[in-house]
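Coordinate analysis (summary)
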Amino acid sequence: MPAAEKGISAEQWRDDLVKKTNVDSASVMLGQFTDIGVVMPRGKHDFQFFPDMLQIRGKSQTYLVKWSNIKKILQVDMPDRKHKMLAIGVAPPLTLCMT
């Protein structure tokens, strides 16, 4: 039954949902970039930013990277001078089946 028919507010419905799913506000997505071309792992990925981690979602694989595991970020100009490349150093490195 929809919340409006039961006579509860959206805030009450959200609070009930949070209690039932054990999801807290720390797991709320802060932002997202979609269809970003990535060299390694190869393909287009979505980058989802959370307070405690970066989630990289591909078509067949998802990587969870804690912010403390990102050791270096390097910005490089591409030869056309219009685009930039980011190199992100992660320790331990991303591996297949790392979730």
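Below is a summary of the structure that appears in this document. This one's a predicted model, so the numbers in the text were calculated from it and none came from an experiment. (Residues numbered from 1 in each chain as written. Predicted model: local features only at pLDDT ≥ 70, side-chain atom pairs only at ≥ 80, totals over all residues. Heavy atoms only, no water.)

1. What to know about the pairing of strand S3 (residues 53–57)
- Pairing between strand S2 (residues 43–49) and S3: four bridges, direction antiparallel. The residue of S3 that forms the bridge with Asp 46 is Arg 57.
- Here S2 folds back onto S3 in antiparallel fashion, the turn holding three residues.
- Across five bridges, the pairing between S3 and strand S4 (residues 62–66) is antiparallel. Along S4, the bridge assignment pairs Met 53 with Lys 66.
- Two successive antiparallel strands, S3 and S4, enclose a turn made up of four residues. (Pairing = 2+ DSSP bridges. Helix = DSSP H or I, 4+ residues; strand = E, 2+ residues; numbered from the N terminus.)

2. Description of the pattern of salt bridges
- Evaluation of the coordinates by the stated rule reveals two salt bridges.
- Here Arg 81 and Asp 77 are joined by a salt bridge, their closest N and O atoms 3.4 Å apart.
- A salt bridge links Lys 84 to Asp 77; the shortest N-O distance between them is 2.5 Å.
- Overall, Lys 84 belongs to the exposed group, its relative accessible area being 52%.
- By sharing partners, the salt bridges in this structure join Asp 77, Arg 81 and Lys 84 into a single network. (Salt bridge = Lys/Arg side-chain N within 4 Å of Asp/Glu carboxyl O. Buried < 20%, exposed > 50% of the residue type's maximum accessible area, 1.4 Å probe, protein only.)

As far as function goes, none of this settles anything; it's purely spatial.
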